[in-house]
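Inside the fold
As a plain string of letters, each chain reads:
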Amino acid sequence: MAQQCQASGTFLAAAAGSISLPAITGMRTVLTGVTLTCGVATGTVHGIWTVTDGTWSQSYYIMMSATIIPAPVDLTLQPGVYASAFGTAITISVPAITSGAPYALSAQGYYTTD
C-alpha cells in the first residue's frame, strides 16, 4: 500500500535551494511532482532543476516569464520517478533565482514496497 509524502521549503532571492522526500527503511520513494512558486521578479526566471537520489540524476529546464509570475511552475511526473533502492531519499535542487524573487519549492510523491 502506498503512503503519500511531501516536502517543501521557502528560499530567499538569489539563493539556491533544495528539498528532499526523505527515505523510509523498507520503502521505495517515488517523486510524482514538483511545484515552484516565485514572488515578484524583475525579469524572466529560468534555470535547471536537478532531481537525484545520489545514484542517478535528471535535469529539467524551467522558465517563467516576468509577466506571468507569481503563477507556479508545475512539473508532473507520471507514473513517477523511483529511487534506485529501498530506503533512499530523492532530492530536488534549484539554482539561485537571480531576478530578485524569493521562491517556494514543494514536492509530492509516495512510498511503496514495489
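Residues numbered from 1 in each chain as written. Predicted model: local features only at pLDDT ≥ 70, side-chain atom pairs only at ≥ 80, totals over all residues. Heavy atoms only, no water.

**Observations regarding the overall build of the protein**
- Along its length, the protein carries 0 helices and 8 strands.
- The linear arrangement of helices and strands in the protein, starting from the amino end, is β-β-β-β-β-β-β-β.
- The burial tally for the protein puts 44% of its 114 residues in the buried class.
- Sequence-distant contacts, at least 24 apart, represent 77% of the contacts inside the protein between residues at least 6 apart. (Helix = DSSP H or I, 4+ residues; strand = E, 2+ residues; numbered from the N terminus. Buried < 20%, exposed > 50% of the residue type's maximum accessible area, 1.4 Å probe, protein only. Contact = heavy atoms within 4.5 Å.)

**Considerations on the side chain of Thr-35**
- One can find Thr-35 in strand β3 (residues 28-38).
- Residue Thr-35 is classed as buried on the basis of its relative accessible area, which comes to 15%.
- A polar atom in the side chain of Thr-35 sits 2.6 Å from the side chain of Asp-74.
- The residues contacting Thr-35, other than those within four sequence positions of it, are Pro-72, Val-73, Asp-74, Ala-104, Leu-105, Ser-106 and Gln-108. (Polar contact = N/O pair within 3.5 Å; in protein donor to acceptor, adjacent residues only side chain to side chain.)

**What to know about the nonpolar core**
- With 30 residues, the main nonpolar core has Leu-31, Leu-36, Trp-49, Ile-92 and Leu-105 as its most contacted residues.
- Those elements that place two or more of their residues in this core are β1 (3-11), β2 (17-21), β3, β4 (45-52), β5 (57-64), β6 (73-82), β7 (90-94) and β8 (103-112).
- Every residue in contact with Ile-92, bar those within four places of it in the chain, is listed here: Gly-17, Ser-18, Ile-19, Leu-31, Val-34, Thr-50, Val-51, Leu-105 and Ala-107. (Core = buried A, V, L, I, M, F, W, Y, C linked by side-chain atoms within 4.5 Å.)

**Digging into the confidence of the model for the protein**
- The pLDDT averaged across the protein works out to 86; a share of 85% of its residues lies at or above 70.
- For the protein, β4 is the element with the lowest average pLDDT, namely 84, and β2 is the one with the highest, namely 95. (pLDDT = per-residue confidence, 0-100.)

**A short note on a nonpolar patch on the surface**
- A contiguous nonpolar surface patch, about 350 Å² in accessible area, is contributed by Ile-48, Tyr-61 and Met-63.
- Summarising the element assignment, Tyr-61 is placed in strand β5.
- For Tyr-61, a relative accessible area of 55% gives the class exposed. (Patch = residues over 30% accessible without salt bridge, like charges linked within 9 Å, V, L, I, M, F, W, Y side chains within 5 Å. Areas by Shrake-Rupley, 256 points an atom, 1.4 Å probe, with all protein chains shown as cover. Salt bridge = Lys/Arg side-chain N within 4 Å of Asp/Glu carboxyl O.)

**Describing the sheet that holds β1**
- Read from one edge to the other, the open sheet built from 4 strands follows the order β1-β8-β3-β6, with strand pairing classed as antiparallel. The open sheet has two edge strands, β1 and β6, and neither has a second partner. Averaged over all adjacent pairs, the angle separating strand axes in this sheet is 15 degrees, with direction ignored.
- Pairing analysis gives 9 bridges linking β1 to β8, with the strands arranged antiparallel. Counted as the bridge partner of Cys-5 is Gly-109 from β8. (Pairing = 2+ DSSP bridges. Axes fitted to C-alpha atoms, helices over the stretch in contact; angles between N-to-C directions.)

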